[in-house]
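Descriptive structure summary
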Amino acid sequence: MQQFLPHGTKVAIPSGDNPAIPYLEHVDVIDQQLLSLDMATELFKLYKEQIAPHFPAIVVPPEATASEIRRTKPTLFLAILAASSGRSHPDLRRALQKETMKAYADRIMIKSEKSLELVQALLLTSIYYYPPDVYEELSFYIIIHMAASMALDLGLGRKPNSNYKALQIRGPIPSTVNFAHPLGKNFDVTESFNELSTKEKELPPGIHGGPGLPLIVNGPRPPQWPRPKNPFPDPTTIESRRTFLACFWACSNVAVALRRPNMLKFTSFMRESVEILETSPQAAPSDKEFCQWIRLQLIADELAVTFEFDDPSSNLSIEEPRMQLAVRGYARRLQEWRQTVDPALITKSLELNYNLLTIYAHEIALHVDHNIEDFRPPFVERLVREPMLKRDTPIAPYHLDSISACVGASQRLVDTFCTYSTEDLSCIPIIMYVRCGYACMILIKVSATAATPGNELGKVIDKDELRVEEYVSRALTLLAHSAKGDRNRTAAKFAMILIMLRSWYLRHLADLETRERQQDDDTPMLSAGTPSTPPESQKAEAPPTPLHLLAEQATYQQPLQQQYAADMGVYGYPPTDVDAMGFVEFQAGDVGLGFGGVGGEVFADDSFWGMMGPGVGWPGVGEGWGGY
């Protein structure tokens, strides 16, 4: 065990009849016996071989071993274990996530440490984010920008200046170093350190020494020193360049998704880093693919600025000629990227990202009065009920082309997502789940508008041809299979998110049918957006159980307008909350989605699969298991 202890670690061994179990200042999860070294080695191997290839931002050298990374980069090693453990050990994932956050708090907030290792660990934690049970505990945005700000403090974002070498600390620290005291006297570090050691030995018995509790030190005690090595890495190395580019990708990606300003702009040094990673013989084999992620994200970053995604107060419209030119320009850039990139570099995840950017490039066609807030998490039911085109408004050809491009890209995105296996879903970054939900939302938005009476879009696009229910059900099937048995917490949450989106959509269609029948019967039609008031007896009904709610939504056995009201709480349904990454979900405690809490048993109950309908189930229950 001592081979993993950093030099200078203090180990106190109790005297007397107490067992000689060392108490360490630096204790990792293996020392705590949360998992064995053999299990940690297997999880480390899983990350290198199956998880990292989906998004090669944090690369572990092929020759690196678990013991080596544990010794040299303990916090990164802990983050790797946390990201890898969710596939087969959900309870262990929760414990490791807690230990990872403790390590960040200790090293960053308490000890004010800054290192390339911590930047990499923070990025890894944000990429494979562990969604909490409570919305207020979301911290992925903070974690991403902690990594970016630390990288800037370390100087990773610029070339070293002429004084860089002078700042390097080379070789071991001498045992005695004389400094000029501010008062003009010589100050001996060793002598002062020895005085502190004498005082330390006079402390009461405890972990740091005292009578009857001898202090054991690995070699001669060095003088107090802020850092035995220079904390500022060389920003021109392959590892440093890759890490800083990952910071840009993470900051830009979350800014575009949440419609916020990007805190880390693309620079000429980043452009140089992309070229070096693509051409350097020292680069990792996956760096060429990672550079394509950066090139696509640069397009996303620029189009977000052009279409002012971060400014809801602006008033952009696709009817403006400059916006039409911008749409065509970004669509052409994406097509050029697709035609010029090496097909061997395009993975499922990269293809999914390309389709997402295609939606972003044409999304302005779906906006009404620049309502970008409706297209950012958390999604609300208003997004489905409010059509994106006003009644009897003609649609220009360029407008229809952009809407069709959004629909086609959304369908391709869901198709790509559904090619993942259930094992893959335990290895992909959480942002892939978010993009699948976003694509389903776009399809639902367009279909709901086409189904609205008097809307011109319905005259050129048949909602049945969009096959919204098919695409949403396919994605839900895959997520539900992956979530069965509490095997994938993230998949379980996003399965419930898709159930919510589909329920809003089906309820909206049912309301439209009801209004159409009322018109045919010459009865007054309720104004749009004004829900009918249910009887008092229905208001007093007890909230349904999770399985009952899922059964009502999935089987369609009763008219949907009788199952739901325009407001989620009218019929006694549990209140909604916002899930990880900002989607709407049922509030924890009523129909919770976390493992170990209320709601996790939904996916473990076989009756759930029987009620989900054809194509959703395990072998012998549904018809669609063969593809998964």
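A short tour of the structure in this document, coming up. (Residues numbered from 1 in each chain as written. Predicted model: local features only at pLDDT ≥ 70, side-chain atom pairs only at ≥ 80, totals over all residues. Heavy atoms only, no water.)

1. Quick look at the overall build of the protein chain
Put simply, the rule reads: Numbered from the N terminus, helices here are DSSP runs of H or I no shorter than four residues, and strands are runs of E no shorter than two. Two residues form a contact once any of their heavy atoms are found within 4.5 Å. Note on areas: these come from Shrake-Rupley sampling with a 1.4 Å probe, and a residue is covered only by the protein chains present in the view.
When its secondary structure is counted, the protein chain shows 24 helices and seven strands. Counting contacts in the protein chain only where the partners sit at least 6 residues apart, residues at least 24 apart contribute 71% of the total. Summed over its atoms, the accessible surface of the protein chain is roughly 28,900 Å², and 54% of this surface lies on carbon and sulfur atoms.

2. Observations concerning the packing of helix 9 (residues 238-258) against helix 11 (residues 287-306)
For clarity, the threshold we go by: Axes here mean lines fitted to C-alpha atoms, for a helix over just the part in contact, with angles spanning 0 to 180 degrees between N-to-C directions. Crossing chirality is assigned from the near helix's rotation relative to the far helix, an anticlockwise turn below a right angle marking it left-handed and a clockwise turn marking it right-handed. Note on residue classes: Ala, Val, Leu, Ile, Met, Phe, Trp, Tyr, Cys and Pro are nonpolar, Asp, Glu, Lys and Arg are charged, and everything else, Gly too, is polar.
Where helix 9 meets helix 11, the axes come as close as 9 Å, and the angle between the chain directions of the two elements is 35°. Judged by the twist between their axes, the crossing of helix 9 over helix 11 is left-handed. Judged by residue contacts, Ile238, Arg242, Leu245, Ala246, Phe248, Trp249, Ser252, Asn253 and Val256 of helix 9 engage Asp287, Phe290, Trp293, Ile294, Gln297, Leu298, Ala300, Asp301 and Ala304 from helix 11. Looking at side-chain class alone, the contact of helix 9 with helix 11 contains twelve nonpolar, three polar and three charged residues.

3. Focus: the environment of Ser252
Keep this limit in mind: For each residue, the accessible area found with a 1.4 Å probe, counting protein chains only, is set against the maximum for its type, and the residue is called buried under 20%, exposed over 50%, and partly exposed in between.
Tracing the chain through its elements places Ser252 in helix 9. By relative accessible area, which is 0% here, Ser252 ends up buried. Taking the C-alpha atoms as reference points, Ser252 and Asp301, separated by 49 residues in sequence, lie 6.1 Å from one another. If sequence neighbours within four positions are ignored, Ser252 has contacts with Asn262, Gln297 and Asp301.

4. Remarks on the pattern of salt bridges
Inclusion rule: Whenever a carboxyl oxygen of Asp or Glu lies within 4 Å of a side-chain nitrogen of Lys or Arg, that contact is scored as a salt bridge.
Per the stated rule, a full pass over the model turns up 21 salt bridges. For the salt bridge of Glu272 with Lys159, the shortest nitrogen-to-oxygen distance reads 2.9 Å. With a gap of 113 residues between them, Glu272 in helix 10 (residues 268-279) and Lys159 in the loop between helix 6 (140-153) and helix 7 (164-167) connect regions that are remote in the sequence. With a shortest N-O distance of 2.7 Å, Arg242 and Asp287 are connected by a salt bridge. Taken together, the residues Arg242 in helix 9 and Asp287 in helix 11 connect sequence positions 45 residues apart. In the salt-bridge network here, residues are joined through shared partners; they are Asp28, Asp31 and Arg70.

5. Section: the packing of helix 10 against helix 11
The test is simple: Any angle between 65 and 115 degrees counts as roughly perpendicular, while under 35 counts as roughly parallel, over 145 as roughly antiparallel, and the rest as oblique.
Contact pair helix 10 / helix 11: the axes reach a minimum separation of 8 Å and the direction vectors enclose 150°. On the basis of their axis angle, the class for helix 10 and helix 11 is roughly antiparallel. Between helix 10 and helix 11 lies a crossing whose hand is left-handed. Taken together, the residues of helix 11 that come into contact with helix 10 (itself represented by Arg271, Val274, Leu277 and Glu278) are Asp287, Lys288, Cys291, Gln292, Ile294, Arg295 and Leu298. Its residues assigned to classes, the contact of helix 10 with helix 11 shows five nonpolar, one polar and five charged.

6. Things to note about the packing of aromatic side chains
For clarity, the threshold we go by: Between 30 and 60 degrees the pair is tilted, below 30 it is stacked and above 60 it is edge-to-face, where a pair is any two Phe, Tyr or Trp rings, Trp via its six-membered ring, whose centres lie within 6.5 Å. Either the NZ atom of lysine or the CZ atom of arginine qualifies as a charge over a ring when it sits within 6 Å of the ring centre and within 35 degrees of the ring normal.
The final tally for this structure, using the stated rule, is 15 aromatic pairs. Here the aromatic rings of Phe55 and Trp293 are separated by 4.9 Å at their centres, their planes lie at 90°, and the arrangement is edge-to-face. Taken together, the positions of Phe55 in the loop between helix 1 (37-51) and helix 2 (66-72) and Trp293 in helix 11 put the pair 238 residues apart, joining distant regions of the chain. Since its relative accessible area comes to 3%, Phe55 is described here as buried. For Trp293, a relative accessible area of 0% translates into the label buried. Aromatic rings pair up to connect Phe307, Phe309, Tyr330, Tyr360 and Tyr438 into one cluster. We note Arg260 situated over the ring of Tyr141; from NZ or CZ to the ring centre the distance is 4.4 Å. A cation over a ring is seen here: Arg338 above Tyr354, with NZ or CZ 6.0 Å from the ring centre.

7. Points about the side chain of Thr490
Relative to the helices and strands, Thr490 is located in helix 20 (residues 489-520). Look past the residues within four positions of Thr490 in its chain and what remains in contact with it is Tyr129, Pro131, Ile430 and Tyr433.

8. Examining helix 9
Keep this limit in mind: Here a helix's expected span is defined as the number of its residues, less one, multiplied by 1.5 Å.
If you check helix 9, its first and last C-alpha atoms are 30 Å apart, about what 21 residues at 1.5 Å a residue would give, namely 30 Å. Burial of helix 9 is extensive: 20 of the 21 residues sit out of reach of the surface. One or two positions beyond helix 9, positive phi appears at Arg259, with a value near 60°.

9. Re the nonpolar core
This is how the line gets drawn: We define the nonpolar core as a collection of buried residues of types Ala, Val, Leu, Ile, Met, Phe, Trp, Tyr and Cys that are connected through side-chain atoms lying within 4.5 Å of one another.
Ranked by internal contacts, the top residues of the largest apolar core, which has 161 residues, are Leu35, Tyr47, Phe307, Tyr360, Phe417, Tyr433 and Leu479. Ranked by residue count, the leading element in this core is helix 16 (residues 430-451), at 17 residues. If we ignore the near neighbours within four places in the chain, the residues touching Leu479 are Phe417, Leu425, Tyr433, Ala491, Phe494, Ala495 and Leu498.

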